[in-house]
Amino acid sequence: PLLPDVEIFLKAVDWPLKYNEFYDVKQVATARALLAEGMARAKALQSGKSPWTTATGPVVRGFRSRIDGSVQPYGIVVPATWTAGDTRPRHLYVFNHGRGETTTELSFISSSMKSKGEFSPEDTFVVHPYGRFCNATKFAGETDVFEAMAHASANYPIDQNRIAMTGFSMGGASVWHLAAH
């Protein structure tokens, strides 16, 4: 079940190579860093460990899509007040990102590993779905949002009665779209 947490790093580098989606020379260093993180996670898994599953702060996780079997990334901000084994349910915010023509999985994962995003309330989990590029989380991106939420809920103590969705720009439109459903 933790293999997608590793595979997202390979895919994030493989696709820009395949589809010529390196938009800045600095992304070469980013790609190397993501491959190194993927290898570190693979080695940890091989030895029966998964330190990212108990980390706090910004963490990148992955799940396997029920739509097409692909691995999909999402960022999650794990509150500093949470520790492994703590089962006290906490609030969840889902923050849908804005439009960015150069937002690939490479840039999304790199950013999600470093930044808590626009806001990060205390004692609250915040999920940042990738949603398959800039499609305002429609079509497969819509399913990805709900699958990211489900994955987070399966791995962290989320209070199912305290989930809120928010977003910026295109992400705000995503909130309206998802709430209308």
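Values in this document were obtained by computation on a predicted structure and should not be read as measured data.

What counts as what
Residues numbered from 1 in each chain as written. Predicted model: local features only at pLDDT ≥ 70, side-chain atom pairs only at ≥ 80, totals over all residues. Heavy atoms only, no water. Helix = DSSP H or I, 4+ residues; strand = E, 2+ residues; numbered from the N terminus. Rg over C-alpha atoms; globule rule 2.2 N^0.38 Å. Buried < 20%, exposed > 50% of the residue type's maximum accessible area, 1.4 Å probe, protein only. Contact = heavy atoms within 4.5 Å. Areas by Shrake-Rupley, 256 points an atom, 1.4 Å probe, with all protein chains shown as cover. Lys, Arg positive; Asp, Glu negative; His and termini not counted. Charge placed at Lys NZ, Arg CZ, Asp CG, Glu CD. Salt bridge = Lys/Arg side-chain N within 4 Å of Asp/Glu carboxyl O. Pairing = 2+ DSSP bridges. Axes fitted to C-alpha atoms, helices over the stretch in contact; angles between N-to-C directions.

S.K.: Please explain the overall build of the chain as it appears in this structure.
M.R.: A count of helices and strands for the chain gives five helices and five strands. The order of helices and strands in the chain, counted from the N terminus, is α-α-β-β-β-α-β-α-β-α. Its C-alpha atoms give the chain a radius of gyration of 16 Å, near enough to 16 Å, the size a compact globule of 181 residues would have. Its C-alpha atoms give the chain principal-axis dimensions of about 40 × 40 × 30 Å. Looking at the chain as a whole, 48% of its 181 residues are labelled buried. Intrachain contacts of the chain at a sequence separation of at least 6 include 76% that bridge at least 24 residues. Carbon and sulfur atoms form 57% of the exposed surface of the chain, whose accessible area is close to 9,100 Å². Positive and negative charge centroids in the chain, built from 18 and 17 side chains respectively, lie 4 Å apart.

S.K.: Please explain the pattern of salt bridges as it appears in this structure.
M.R.: If the charged atoms of two oppositely charged side chains come close together, the side chains can form a pair. Overall, the coordinates contain 13 salt bridges when judged by the stated rule. Ionic pairing is found between R64 and E7, a salt bridge with its closest N-O pair at 2.4 Å. Remark: E7 occurs in helix α1 (residues 4-19) and R64 occurs in strand β1 (residues 57-64); sequence separation between them is 57 residues. You can call R64 partly exposed: its relative accessible area is 41%. Note that R88 and D123 form a salt bridge whose closest N and O atoms lie 3.0 Å from each other. Pair noted here: R88 is in the loop between β2 (71-78) and β3 (90-96) and D123 is in the loop between α3 (105-114) and β4 (124-129), with a separation of 35 residues, a long-range link.

S.K.: When you look at unusual backbone geometry in this model, what are you seeing that I'm missing?
M.R.: Phi is positive for R132, which is not a glycine, with a value near 60°. Within the element layout of this structure, R132 appears in the loop between β4 and α4 (140-155).

S.K.: When you look at the pairing of β3 in this model, what are you seeing that I'm missing?
M.R.: Burial analysis of β3 places six of its seven residues in the buried class, the great majority of the element. With six bridges connecting them, β3 and strand β5 (residues 158-167) associate as parallel partners. The residue bridging F95 from the neighbouring strand is T166, located in β5. Pairing analysis gives four bridges linking β3 to β4, with the strands arranged parallel. By the bridge assignment for β4, H91 is matched with T124.

S.K.: Mind showing me how you'd approach the sheet that holds β1 here?
M.R.: The pairing of strands in a sheet comes from backbone hydrogen bonds and takes either a parallel or an antiparallel form. What the five strands build is an open sheet, ordered β1-β2-β4-β3-β5; its pairing is mixed. Strand pairing shows two members of the sheet lacking a second neighbour, β1 and β5, which therefore form its edges. If you compare each strand with its neighbour and ignore which way they point, the axes differ by 25° on average. Examined bridge by bridge, β1 and β2 share eight bridges and lie antiparallel to one another. Paired with V59 across the bridge in β2 is I76.

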